[in-house]
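The chain contents come next:
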Amino acid sequence: MTRALIVIDVQESFRARPLWETISDPKVAEKADRLVRLARQAGDLVVWVLHTAPGSGDVFDPALGHVRLMDELERAEGEPLLHKTSHNAFTTTNLQQLLTEHGVREVAVCGIRTEQCVETTARVASDLGYRVTFVTDATATNPIPHRDAPAGQSVADLLADPRTLPADEIIRRTEYALAGRFATIATVDELEAAAAHQA
């Protein structure tokens, strides 16, 4: 087992936030599930990562019950489930140790917050010497408000503000920053086609 799929923050916490209506891909869990099925068929390690903020009182506080995989996803017996409190999946978990124990040299990453949790995980993995595939269409994110936008603005105000950075532009910029330096950029369809060709 030299490869692993890391599924990052595809959790019900995000659906519990008002910003979910602005998510770039409401079907991101279905894309992640396709990747999970591919990984299992290939005998690759599947690692699930959930973001937590214990004691925060928000949707990432485990006490509220939202910190769980999205309903479309199901963890198989023996697949690791890690809980992180940092953006990237390495710093506050034993992910690196887990990958080392399984002889993993290549990782594919997908999940929610394209430019934040998924990107930082890809960058750290690259720095640690892993070959990284960033499965761009199996990530999702929200528009980002301008730095001068008022705190706590409504979704309507966020979308109406011309300074708001749209989600599709965030994804494009993330791909541009990672490609060829930190990761190979791929789509779910491309990975499925490659797996079919190897079969």
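Description of the structure in this document. Remember, predicted model here, so these are calculated numbers, not experimental data.

Rules of the game
- As a convention, each chain's residues are numbered from 1 in the sequence order in which they are written.
- The model is predicted, so local features are restricted to residues of pLDDT at least 70 and side-chain atom pairs to those at 80 or more, both for listing and for counting; the totals for chains, interfaces and linings are taken over all residues.
- To obtain the side-chain values, all non-hydrogen atoms of the structure were included, while hydrogens and water were left out.
- One side-chain nitrogen of Lys or Arg within 4 Å of one carboxyl oxygen of Asp or Glu is enough to make a salt bridge.
- The helix and strand labels rest on DSSP assignments: H or I over at least four residues marks a helix, E over at least two residues marks a strand, and numbering proceeds from the N terminus.
- For the exposure calls, accessible area comes from a 1.4 Å probe over protein chains only, and a residue counts as buried if that area is under 20% of its type's maximum, exposed if over 50%, partly exposed in between.
- One bridge is not enough; two strands pair if DSSP finds at least two bridges between them.
- In this description, a line fitted to the C-alpha atoms serves as the axis of each element, helices being fitted only across the stretch in contact, and the angle between N-to-C directions of two axes falls anywhere from 0 to 180 degrees.
- Definition used in this section: a nonpolar core is a set of buried Ala, Val, Leu, Ile, Met, Phe, Trp, Tyr and Cys residues joined via side-chain atoms within 4.5 Å.
- Note on contacts: a residue pair qualifies if any of its non-hydrogen atoms lie within 4.5 Å across the two residues.

Once that is clear, we can look at the pattern of salt bridges. Taken as a whole and judged by the stated rule, the model has 14 salt bridges. Across the pair Glu79 and Arg40 runs a salt bridge whose closest N-O atoms are separated by 2.7 Å. Of the two residues, Glu79 is situated in the loop between β2 (45–51) and β3 (81–84) and Arg40 in helix α2 (residues 28–42); the sequence distance between them amounts to 39 residues. Of the charged contacts, one joins Glu106 and Arg131 as a salt bridge, the two residues approaching to 3.7 Å between their closest N and O atoms. Of the two residues, Glu106 sits in strand β4 (residues 106–112) while Arg131 sits in strand β5 (residues 131–140), which places them 25 residues apart along the sequence. On the basis of relative accessibility, which here comes to 28%, the residue Glu106 falls in the partly exposed class. Arg131 gets classed as exposed once you look at its relative accessible area, which sits at 59%.

The next subject is the sheet that holds strand β1 (residues 3–8). Strand order in the open sheet made by the six strands is β3-β2-β1-β4-β5-β6, with parallel pairing throughout. Strands with a single pairing partner mark the edges of an open sheet, and in this sheet they are β3 and β6 (184–186). Taken over all neighbouring pairs, the strand axes of this sheet differ in orientation by 25° on average, direction set aside. Taken together, the four bridges between β2 and β3 define a ladder with parallel strand orientation.

Turning to the nonpolar core, a few remarks are in order. Ranked by size, the top nonpolar core spans 28 residues in total, and within it Leu5, Val7 and Val10 carry the most contacts. Listed by contribution, the elements that provide at least two residues to this core are β1, α2, β2, β4 and β5. Examining the composition of this core, we find that six residues originate from one element, α2, more than from any other. Leave out the neighbours within four places in its chain, and Val10 touches Ala29, Ala32, Arg68, Leu69, Met70, Leu73, Gly111 and Ile112. Membership of the second largest hydrophobic core comes to 24 residues, among which are Val104, Cys117, Ala125 and Ala183.

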